[in-house]
Amino acid sequence: MTTWWLDVRSGAWQLRRNSGFAAVAVRTLALGMGANTAIFSVVDAVLLRPLAYPDSDQLVWLCERGPDWSNGPIAYPNCIEWRNQQSVFERFGVCSGNNFTLTGAGEPVRLAGAMVSAEVFAALRTQPEIGRVFGDDEDNPGAAPVAVVSHALGQDRFGGDAGIVNKPISVDGKLHTVLGVMPARFEFPGKVDLWLPARPFSAESSWQRRDYHPGLFGLACLKPGVTLAKARADLDVIAVRLEQQYPESNKTRRVQIDRLLDNQVGNVRRALWILFGAVSLVLVIACANVANLLLARAAAHEQEMAVRAASGASPWRVARQVLMEGGLLALLGAIVGFLFAKGVLRVVGVLAGESMPRAPEISLDLRALLFSGLAAVVTGILFGLAPAWHARRVSLQGTLKETGCGNTSGRAGLRQGLVVAEVALTLVLLAGAGLLLRSFRGLLQVDPGFVVDRVLTFHIDLPDRKDEQRILFYHALLENVRALPAVQAASLASRIPLNENRWDMRFLIEGRPEPLPHLRPSLRVHLIAPDYFRVMGIPLLQGRDFTEQDNREPLSGTSSGSNWGAGLGSFGLTRFLSSLLYEVSPTDPLTFTGVAALLAAVTLLACYLPARRAARVDPMVALRCEWEGVDGRRVCCAHRNSMRLWNWCAQHTLRTGVEP
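Residues numbered from 1 in each chain as written. Predicted model: local features only at pLDDT ≥ 70, side-chain atom pairs only at ≥ 80, totals over all residues. Heavy atoms only, no water.

1. Remarks on the overall build of the protein chain
Per the secondary structure count, the protein chain includes 20 helices and 13 strands. For the protein chain, the exposed surface amounts to about 37100 Å²; the carbon and sulfur share of it is 59%. (Helix = DSSP H or I, 4+ residues; strand = E, 2+ residues; numbered from the N terminus. Areas by Shrake-Rupley, 256 points an atom, 1.4 Å probe, with all protein chains shown as cover.)

2. Quick word on the pattern of salt bridges
For the coordinates displayed, the defined rule picks out 19 salt bridges. Residue arginine 49 pairs with aspartate 44 through a salt bridge whose shortest N-O separation is 2.9 Å. The shortest N-O distance in the salt bridge between arginine 253 and glutamate 64 comes to 2.5 Å. Linking arginine 253 in the loop between α7 (247–250) and β11 (254–259) with glutamate 64 in strand β1 (residues 59–66), this pair joins segments that are 189 residues apart in sequence. Using a relative accessible area of 1% as the deciding quantity, one classes glutamate 64 as buried. The network of salt bridges with shared partners includes Asp44, Arg49, Asp365 and Arg367. (Salt bridge = Lys/Arg side-chain N within 4 Å of Asp/Glu carboxyl O. Buried < 20%, exposed > 50% of the residue type's maximum accessible area, 1.4 Å probe, protein only.)

3. Comments concerning the nonpolar core
In terms of nonpolar packing, the biggest core is built from 47 residues, with Phe188 and Trp195 touching the most fellow members. Ranked by residue count, the leading element in this core is helix α2 (residues 19–48), at nine residues. In this view, tryptophan 195 contacts Ala114, Val116, Phe121, Phe134, Val146, Ala147, Val148, Val149, Ser150, Met182, Phe186 and Phe188; residues no more than four positions away in its chain are not counted. Ranked by size, the runner-up nonpolar core spans 39 residues in total, among them Phe92, Val149, Ala198 and Ala231. (Core = buried A, V, L, I, M, F, W, Y, C linked by side-chain atoms within 4.5 Å. Contact = heavy atoms within 4.5 Å.)

4. Considering the packing of helix α3 (residues 76–85) against helix α6 (residues 228–245)
Across the interface, α3 lies against α6 with an axial gap of 10 Å and an inter-helix angle of 130°. What the angle tells us is that α3 and α6 run oblique. Here the hand of the crossing between α3 and α6 comes out right-handed. On α6, the residues touching Asn78, Glu81, Trp82 and Gln85 of α3 are Leu235, Ile238, Arg241 and Leu242. The residue inventory of the contact of α3 with α6, partitioned by class, reads four nonpolar, two polar and two charged. (Axes fitted to C-alpha atoms, helices over the stretch in contact; angles between N-to-C directions. Parallel < 35°, antiparallel > 145°, perpendicular 65-115°, else oblique. Left-handed = near helix turned anticlockwise from the far one by under 90°. Nonpolar A, V, L, I, M, F, W, Y, C, P; charged D, E, K, R; others polar.)

5. Notes on the packing of aromatic side chains
Counted according to the given criterion, the structure contains 14 aromatic pairs. Taking the centre distance of 5.3 Å and the plane angle of 80° together, the rings of phenylalanine 121 and phenylalanine 134 count as edge-to-face. Of the two residues, phenylalanine 121 sits in helix α4 (residues 118–124) while phenylalanine 134 sits in the loop between β5 (130–131) and β6 (146–149), which places them 13 residues apart along the sequence. Through successive ring pairs, a cluster of aromatic residues spans Tyr53, Phe121, Phe134, Phe186 and Trp195. We note arginine 210 situated over the ring of tyrosine 246; from NZ or CZ to the ring centre the distance is 3.7 Å. (Phe/Tyr/Trp six-rings, centres within 6.5 Å; stacked < 30°, edge-to-face > 60°. Lys NZ or Arg CZ within 6 Å of the ring centre and 35° of its normal.)

6. Things to note about the environment of leucine 111
The residue leucine 111 is located in strand β4 (residues 109–116) in this model. Along the primary structure leucine 111 and valine 192 are separated by 81 residues, whereas in three dimensions their C-alpha atoms are 7.8 Å apart. Sequence-distant contacts of leucine 111, defined by excluding residues within four places in its chain, comprise Asn98, Asn99, Phe100, Leu102, Leu153, Asp193 and Leu194.

7. Some thoughts on α3
For α3, every residue scored as buried is listed here: Tyr76, Pro77, Asn78, Cys79, Glu81 and Trp82. Here the buried face of α3 lies against β1, β3 (89–103), α6, α7 and β11.

8. Here's the deal with the pairing of β4
Sheet topology places β3 next to β4; eight bridges connect them, and they run antiparallel. Counted as the bridge partner of threonine 101 is arginine 110 from β4. The turn joining β3 and β4, which pair antiparallel and follow one another in sequence, is formed by five residues; a positive phi near 85° is taken by glycine 104. Here four bridges tie β4 to strand β9 (residues 194–197), and the two strands are oriented parallel to one another. Note on β9: the bridge partner recorded for valine 116 is proline 197. (Pairing = 2+ DSSP bridges.)

9. A look at the pairing of β6
Taken residue by residue, a regular strand's side chains alternate between the two faces of the sheet. Alternating positions in β6 separate into two faces, Val146 and Val148 on one and Ala147 and Val149 on the other, with burial throughout. Pairing analysis gives four bridges linking β6 to strand β8 (residues 174–181), with the strands arranged parallel. Pairing of valine 146 across the sheet is with threonine 177, part of β8. Pairing of β6 with β9 involves two bridges; the strand directions are antiparallel. In the sheet register, valine 149 faces β9, and the bridge partner there is leucine 194.

10. So, unusual backbone geometry
Cis peptide bonds are those with omega within 30 degrees of zero, and the linkage from phenylalanine 188 to proline 189 qualifies with -5°. In this fold, proline 189 is placed in the loop between β8 and β9. The phi torsion at asparagine 71 lies on the positive side, around 55°, for a residue other than glycine. The phi torsion at threonine 252 lies on the positive side, around 65°, for a residue other than glycine. As for its placement among the helices and strands, threonine 252 is situated in the loop between α7 and β11. According to the relative accessible area criterion, threonine 252 is partly exposed, its value standing at 35%.

11. Regarding a nonpolar patch on the surface
On the surface, Leu331, Leu332, Ile335, Val336 and Leu339 cluster together into a nonpolar patch covering about 440 Å² of accessible area. Positionally, leucine 339 belongs in helix α11 (residues 315–352). (Patch = residues over 30% accessible without salt bridge, like charges linked within 9 Å, V, L, I, M, F, W, Y side chains within 5 Å.)

12. A word on the state of the cysteines
Tallied over the full model, the rule gives zero disulfides. No disulfide involves cysteine 79; its sulfur sits 9.3 Å from that of cysteine 95, the nearest cysteine. (Disulfide = S-S within 2.5 Å.)

13. Focus on the confidence of the model for the protein chain
Here the protein chain shows a mean pLDDT of 76. Residues at 70 or above account for 73%. The low-confidence segment residues 554–572 (pLDDT under 50) makes 33 contacts with residues lying over four places distant or belonging to another chain. Note on residues 626–646: pLDDT under 50 across the span, and 27 contacts to partners over four residues away in sequence or across chains. (pLDDT = per-residue confidence, 0-100.)

What follows is the structure, encoded as structure tokens:
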């Protein structure tokens, strides 16, 4: 144990004496290790950790799919059939995102809400922090209106008052009794402020139609021992049976079942793993860089190692000293990198915002600290192994005969190999980054087919009222908005551009034979008011815009919006990224040429700076320093350090009898 402590002290002394080298190495390692720790925290929170529900790996998400589409909403009668005929789920519920208007508690506010069945809360098994959730009796048509509110809504609108339970609130103009308040981090099916029972809405006649899809999705909990494949097979049998019973509406419709975690992370999974792989390569490059620095430094201290070996130190003892110095560098790099990771996560939180699933769960916790420690151990071994291996193989006779400050011939091959590896990995990363940047630039230059500036949007959700009242409200709203001095034009639309929500409607063409119901063509429909095309800057190919008269007559138009919807290691990476590229080839010659030119420029600069410094050295001073140690008047460079170390080793051995 004493010798290990001596190695630590000696390594710390060496780093302190060479503070410039230590600072460069620590900064290099901190960059790679900090980036890896930050991205690991994101990957761990989003992809690796189970959801914050008991037995969350048993929770699955259900929707409808077809031959050429997926992730479709479910018709309510199909939900009932799936629930009644299945044998693989303990609980089966439905949910649908919706917006509600809260009045009577300060200013009216538009809330993100959800309609869920009682089985959803039972499947999630999350208890409210105050009160309770609604049960089966309250989740039926004709039951008294009830609601469950979020922790944020309870704090913002009701001041965290526990007395809100069993009190009425006005939702869409109808009084609902508050049954409970959910915990702060409960977010299902997303960031929701209010939950209402879903089944009371099934009293509407449209919900009973199998060709009507009110945005419902299923949530179920698998029975113990039931696999995902077994559940998919069981539900597909039910879907085929329904297709035979209701061919008009259920033709080719099947059930899509995914893990709830997979559904929530969506396409983020692949992007995060690619990013984690990229920063891992950055860490490998940092390790190669530091290993090269240690080899260059070891060349200057080769005679010092030879003196230690000559004084009786074993090869493992010499190698351990080099490894200890590398371990201290890795430890310092991990500490600085952990602090750097905190800043990176702040930037990620600002840039990602609510677009990153499970964003509130991302933090630097004990798992991140353990990962940082493991990274320190691995990187310390990676960049310290090569110098330690060469230190234990030092030639005593050849090295001690050298009169210069070090001999680098034995390490030249390895150092050159490390440089080649660094350049190759850097080329891979720069090629991938260059292609992604070009894709991003191309996306920014795409003409979306509408005006992207000087257009403001806002959302309105009206409570259930008669159509005449809605029409009068919207008409008065448009008149008031158009009368504002800063407004040139105003209109209404059911969806804004680039909104993923869709409303498909089947249609028939006059003069053509009527096809079977499931073969009828469909189109995506958006409801708009007059002046919509002028507000959005969308030109018409032919015909005219809608007028107020057209509000009472069926009419359609066609817009002319643009079609916006529509090295070997480097080649391998770029082909892997091909699905993420936009209008850029994975082998784009301009990108590869630019990357190669950039690396060449950096290489020339890296060669020029030390060459310029060496050119300023006086040859006579260098030769005098080289040869003055021969006559015994002065020992310079490695000779002086070697003599000091030899004297210390001899005194330590005589005093303690322990090999240093």
